[in-house]
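Here is what each chain is made of, one letter per residue.
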Amino acid sequence: MRKRNESVTVEHERAAAAAAAAAGAVPGPLDKGCSLRHSLRLPAAEGMKRPLGRRYGLWFRLRKLIIWLLGVYIAIPFLVKLCPAIQAKLVFLNFVRVPYFIDLKRPQDQGLNHTCNYYLQPEEDVTIGVWHTVPAALWKNARGKDQLWFEEALGSSHPVILYLHGNAGTRGGDHRVELYKVLSSLGYHVVTFDYRGWGDSIGSPSERGMTYDALHVFDWIKARSGDNPVYIWGHSLGTGVATNLVRRLCERETPPDALILESPFTNIREEARSHPFSIYRYFPGFDWFFLDPITTSGIKFANDENVKYISCSLLILHAEDDPVVPFHLGKKLYNIAATSRSFRDYKVQFVPFHTDLGYRHKYIYRSPELPRILR
């Protein structure tokens, strides 16, 4: 009986092996229990290896990306040090033209129906685009008038504001246009322009060139405005141009009637060191890599030094929630000006705007208090 059963079992095993071979499977070695357990485990083992392989490949690619980004991060400071022109580009940002696709020859497209576009030539091979917005009292008369009429209108009995904008964008920037409208509605002529290298102005940007452009426009205004008050308004990087300009005007004894600085800094090195967007401020050798190339490029915008030589009324406006030029730099500049002997016969005022107002870097024009402050 036992031999018969063993022979039957062997026959069954041989039949199973033959069936597996016919199906294309390779039978594995038989264990003591006479089963093909090893063969049955193979698919499960392969299924486990695939996810592990995918995870390993993903980690390898991620590690490669991290190493590449770290290499770029470390290489940029050396690149800036070797090419100071890069840092100058980052200070000026004149290549960033926003809003795009606007025709600066047509200020009326931006809602400035009482504005004329000019082109002036401060130096040979340099041409700058200028906008002149007349005060509200002249809006109706300004419709359809030519450049000559606008130039003669500067002699009307209205004060003039020369507005010096900050870096990036053009004279047609949205927040700038809104400020022109506010000042115009308050009874001011507003004259603004794009420095050489900005907008449709021709030339290469530099601190000296920007200051000379501002001086040329100021003289152009004074030649037409007669005895009307002329105020200088600088915003952000434009405050550096404004103090450069007013210092020169005071040195030649032709100061403006007042200087208004919106969101000012002390000097360009402190601004670059304090800029919230600087990802390298804690980088070893930050001054040597990033700040020294700015100085090498001839860029200082030393507001803190300039105010010591300015003799006219000064108004500083700064929002506490300014994310570009920290509030403490504007306050520091005010403290320097307030103790300067050059201002002993003139009024120096600092007007802060609380964080809750949300004016940040470029929306102070929204303040309903602005007319009272300017008066």
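Overview of the structure. This is a predicted model, so every value here is computed, not measured.

### A look at the overall build of the protein chain
A tally of helices and strands in the protein chain yields 13 helices and 8 strands. Within the span of the protein chain, comprising 375 residues, buried residues form 45% of the whole. Counted over contacts in the protein chain with a minimum sequence separation of 6, partners at least 24 positions apart contribute 73%.

### Notes on the sheet that holds strand 5 (residues 230-235)
An order of 1-2-4-3-5-6-7-8 is seen for the 8 strands of this open sheet, with the pairing classed as mixed. The open sheet has two edge strands, strand 1 (115-123) and strand 8 (348-353), and neither has a second partner. In this sheet, neighbouring strand axes are inclined to one another by 20° on average, regardless of whether the strands run parallel or antiparallel. Contacts from helix 7 (residues 207-225) reach strand 1, strand 2 (126-133), strand 3 (160-164), strand 4 (189-193) and strand 5 within the one sheet, and its direction differs from that of strand 1 by about 120°.

### Some points on unusual backbone geometry
In this chain, Val-98 is followed by Pro-99 through a cis amide linkage whose omega measures -10°. Positioned with a positive phi, Ser-236 is a non-glycine residue whose angle comes to about 55°. Residue placement: Ser-236 occurs in the loop between strand 5 and helix 8 (237-251). We note that Phe-301 has phi near 45°; this positive angle belongs to a residue other than glycine. Within the element layout of this structure, Phe-301 appears in the loop between helix 10 (286-296) and helix 11 (303-306). Given the relative accessible area of 0%, Phe-301 is considered buried.

### A look at the environment of Ile-74
Within the secondary structure, Ile-74 is located in helix 2 (residues 37-82). Overall, Ile-74 belongs to the partly exposed group, its relative accessible area being 39%. Each C-alpha atom, one on Ile-74 and one on Phe-283, is 9.4 Å from the other, the two residues being 209 residues apart in sequence.

### Brief notes about helix 12 (residues 327-338)
Here helix 12 is 12 residues long and its end C-alpha atoms lie 17 Å apart, about the 16 Å a rise of 1.5 Å per residue gives. Of all the positions in helix 12, only Leu-329, Gly-330, Leu-333, Tyr-334 and Ala-337 are classed as buried. What you see down the axis of helix 12 is that its buried residues fit within an arc of 140°, all on one side. Lining the buried residues of helix 12 we find strand 6 (258-262), helix 9 (268-274), helix 11, strand 7 (313-319) and strand 8.

### Overview of the environment of Ala-137
For Ala-137, the position within the fold is in the loop between strand 2 and helix 4 (139-142). Overall, Ala-137 belongs to the exposed group, its relative accessible area being 56%. Sequence separation between Ala-137 and Leu-186 is 49 residues; the distance between their C-alpha atoms is 9.4 Å.

### Structural notes on the pairing of strand 7
Burial analysis of strand 7 places 6 of its 7 residues in the buried class, which makes it a mostly covered element. Pairing of strand 6 with strand 7, which is carried by 5 bridges, proceeds in the parallel orientation. Residue Leu-259 lies in a different strand from strand 7, and its bridge partner there is Leu-314. Strand direction decides the pairing type here: strand 7 and strand 8, joined by 6 bridges, are parallel. Bridged to Leu-315 within strand 8 is Gln-349. Crossover strand 7 to strand 8 through helix 12 is right-handed.

Calculation criteria
- Residues numbered from 1 in each chain as written.
- Predicted model: local features only at pLDDT ≥ 70, side-chain atom pairs only at ≥ 80, totals over all residues.
- Heavy atoms only, no water.
- Helix = DSSP H or I, 4+ residues; strand = E, 2+ residues; numbered from the N terminus.
- Buried < 20%, exposed > 50% of the residue type's maximum accessible area, 1.4 Å probe, protein only.
- Contact = heavy atoms within 4.5 Å.
- Pairing = 2+ DSSP bridges.
- Axes fitted to C-alpha atoms, helices over the stretch in contact; angles between N-to-C directions.
- Expected span 1.5 Å × (residues − 1).
- Arc of directions from axis to C-beta.
- Right-handed = clockwise from strand over helix to strand, strands pointing away.

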